[in-house]
Every structure is written in structure tokens, then in C-alpha cells.
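Examination of the molecular architecture
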Amino acid sequence: MELPFVKYSTSAQKTPSIFILLILAVVVLGLIPLYHPFNWYPPGLSITQNPSEISPNYHADEEQKIEINEAERCDIFNGEWVWNPDAPYYTNTTCTEIHEHQNCMKYGRPDSDYLKWRWNPNECELPIFKPYQFLDLVRNKSLAVVGDSVARNQMQSLICLLSRVEYPVDISDNPDQSFKKYKYATYNFTLAIYWSPFLVSTKEVEADGPCHTGLYNLYLDEADEKWTTQIEGYDYIILNGGHWFARCSVYYENNQRVGCRYCGLPNVTELPAAYAYQRAFRTSLKAINNLENFKGVAILRTFAPHHYEGGNWNEGGDCARTRPYRSNETTLEGQNLEQYRIQVEEFKAAEKEGKMKGKRFRLLDTTRAMLLRPDGHPSKYGHWPNENVANDCVHWCLPGPIDSWADFSFHMFKMEGIRSLEEKLQ
């Protein structure tokens, strides 16, 4: 980011030396506050300067000012995975939030190189997530993650990364384990998950159905009130959806059945999953734009592709690779490309509408990075060998590649501070 610093001439002057010294003193004293990193943030963004106030267990080596560098104007989502010998930053023994089916260490995954990579943008440096700085950045704020089990995977990753500083208190007001709310007491930071795999109103009509994964009625023009009625007070929401749209479903609009996917019902038009996917995101993003009291930042997190090879999930497909792809070794294509295109298209439309309403939309583009990580899934290491469970090439090992999403989020939250300041200066 370039600040409008005054450029002074270095040509020879006939000014008396004492006058030059006085001028330099004034300039230096005037510029020092501009260089101080905490002056880049608006008054509402609380950044602690006294190390003793950051955490009761503060470590001096964590006291690094939040840096703003060339990544501000850089596409941080276009890059490669590079070796990172310092990773991982937690294990399955230091974090209790890891679900069994993502606990690849516990279930005997023999290789460990999948833990040792970080995302490196092509045109800039993306700083590694720093938990103390992140918690200072979100002090007195709140974050809700809305979506499916990959959304939960993301939230658990964040909790594990923050466990080096503090564990949250469970303040959930819903007995359903799919809706969890946590509080980081020292920082007054609230973190919540709202389960809504289709994002729109849904009714399960059969537990098994023709696909043996349930049959669902999707009301594509009605956003799911389980999350839309809860998010207005949040400072940040991260919205996502993806893999559930491959399930057998019947589609409704204006309370009229318009088609289905693999429903097996007579005289019902078969429609591709992309039909429902586009309408679900359009409805969800429009619902956010219509929330009069929502003043936070809405972040659309793009689709993270699965990596089944040799068959689908129910046909013995697996993801046994042990290293990332390079960007020139694979391409986004087929259904993955279609879902990504839909998300970006609907995001741009919502962002345009939102600007007229004073709403803020951001894109967390995880698709390109995660396409390159076929090595990061649990595969058969999310359960014991004698259990009859399909290989998991959808979710992500913890620790694992999904921890890089915290690097993205950390950077994006810092940029929000800069944008807020710039808007106030305009």
C-alpha cells in the first residue's frame, strides 16, 4: 500500500544548516506516527501494544507488529505450495477439537510430508498465521461460519491453531451439536458454526432414498432461516457449500416442484446439480443483502474440490497421493470448474448489489490452492481398518492443508482494517 508521503528534493539548497536540521526534525516527528503499525487501523479496531495485555501466557517471541506489505494489492490465491519445515503448529495431542474422521495421526497415516507445506502466492508473501495477532485483531468481534461439514472442518482448524494461546468456552445455546458457539474470554471473541449444507430451506423426506444418502426437498428461493435469523449481529460471516448438492434432491421454487436430481420420481424433470447450486447461492447472498441490520463483512468461501481417483466415494475411490501438485500438473475442470464459476458469478452480482446498500462482500478463494492438495485428505486414515467406512477424500486431515485457510483469513481481516481506515479518510 502506498501512502501519500511527500517526496522531498535532494538538490543542493542554500538554506542555512540549522534551518535544514529544524525542517528534518519536523518531518521525522511527523512521519513516525504514520509508520507505526497500529495507526493503520480505525479506532474501532482494538490492537494491544502492551505485551502484558495480550495474553496472561504471552511469549515474547510472538510480539511482532502486524505487518502490512505488498500482499495488500496481490492475488494471494494464485500461487504454489512450498516446503515449510516449521509446520505443523499443533498435533492431535495438543488440540482436542479434532473429530475422529479427520484425525489422520491417530489412525496411523504413515507419511508426514503432507503436514510440511504452506501456500505461497506468486507475486507476494503471505504471512503464516499468528494466533496472538489474530486474537488481538478480532478482540470484541464475532465470526460465524455457515455451511456443511467442510465449514466445520475449517472452524476446528482455526480452534486448533488458536489453542496455542487460549481454548474457548462453549457457550452454545442450541443442544444440536451442529450449531456450536464458543467464546474466547480473554479477547471477547465469539466463534460460531451454523449447519446448513444446502444454505436454503431443506426437508429430508427419506433417510435412504435412491442414492442411499437421503432424499431432500430443496426450496431454492428460500434461504435457510436457521442461519439467516442468527447472523445480523456478527462482524464476519464465512459462507460455503458444495458437496451436498451431489445428493438426490427434489427442487422447488415458489412452492412448485420444478425438477430433481436422481430422485426417481415419475414425470419430474431431471436437472443438473448446477441448477440448484446457482439458485441456492443466489438466494443466500440476496438474503444477506436484504438483512437490514447486518453491518458485518460477508465472505464467500469457494468450493474445495474432492480428489477421488479410481472411482467415486462409494465405488472404492481413494486419494493416496503423498505430495501436492504443482499448478501446471492439474487443471480445474468438469463439475469443479462449473461450481467455481457459479460461485464467482453469484458473488460478483451480490457484491455489486451490496455496494448500493452499504454491504461488504469478500471472496475467500480456496479452490485453486486446494485443487493442488490431493495428499491432504484422511483417505482410509479417519477410521480403524476393520471399520466398513468409505475412504474420505472430501474433508481434510487436522493438522493439514486446511490450516492455510487461517493464513488467508488473517490477511483478509487485516485488509478490512485498512479499508475501513481508507473509507474514513475519503
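Our structure's up above, just so we're on the same page.
Bear in mind the structure is a predicted one, so any value in this text is a computation, not a measurement.

1. Notes on the pattern of salt bridges
Per the stated rule, a full pass over the model turns up 20 salt bridges. Across the pair Arg321 and Glu309 runs a salt bridge, and its minimum N-O distance is 2.8 Å. Taken together, the residues span a long stretch of sequence, with Arg321 in the loop between β12 (297–301) and α7 (334–357) and Glu309 in the loop between β12 and α7 at a distance of 12 residues. With a closest N to O distance of 3.1 Å, Arg323 and Glu329 form a salt bridge. Accessibility expressed as a relative area gives 45% for Arg323, which makes it partly exposed. Assessed through its relative accessible area of 39%, Glu329 is described here as partly exposed. Connected via shared salt-bridge partners are Asp75, Asp365 and Arg368.

2. Focus on the sheet that holds strand β7 (residues 200–206)
Ordered in space as β7-β8-β10-β11, the four strands form an open sheet in which the pairing is mixed. Looking at which strands have only one partner, the edges of the open sheet turn out to be β7 and β11 (256–261). The mean inter-strand angle of the sheet, taken between neighbouring strand axes irrespective of direction, is 25°. As judged from the five bridges shared by strand β10 (residues 249–253) and β11, these two strands associate in the antiparallel manner. Each bridged residue has a counterpart across the sheet, and for Val250 the counterpart in β11 is Cys260. Running over the sheet, helix α6 (residues 273–289) touches β7, β8 (215–223), β10 and β11 and is turned about 40° from β8.

Analysis parameters
Residues numbered from 1 in each chain as written. Predicted model: local features only at pLDDT ≥ 70, side-chain atom pairs only at ≥ 80, totals over all residues. Heavy atoms only, no water. Salt bridge = Lys/Arg side-chain N within 4 Å of Asp/Glu carboxyl O. Helix = DSSP H or I, 4+ residues; strand = E, 2+ residues; numbered from the N terminus. Buried < 20%, exposed > 50% of the residue type's maximum accessible area, 1.4 Å probe, protein only. Pairing = 2+ DSSP bridges. Axes fitted to C-alpha atoms, helices over the stretch in contact; angles between N-to-C directions. Contact = heavy atoms within 4.5 Å.

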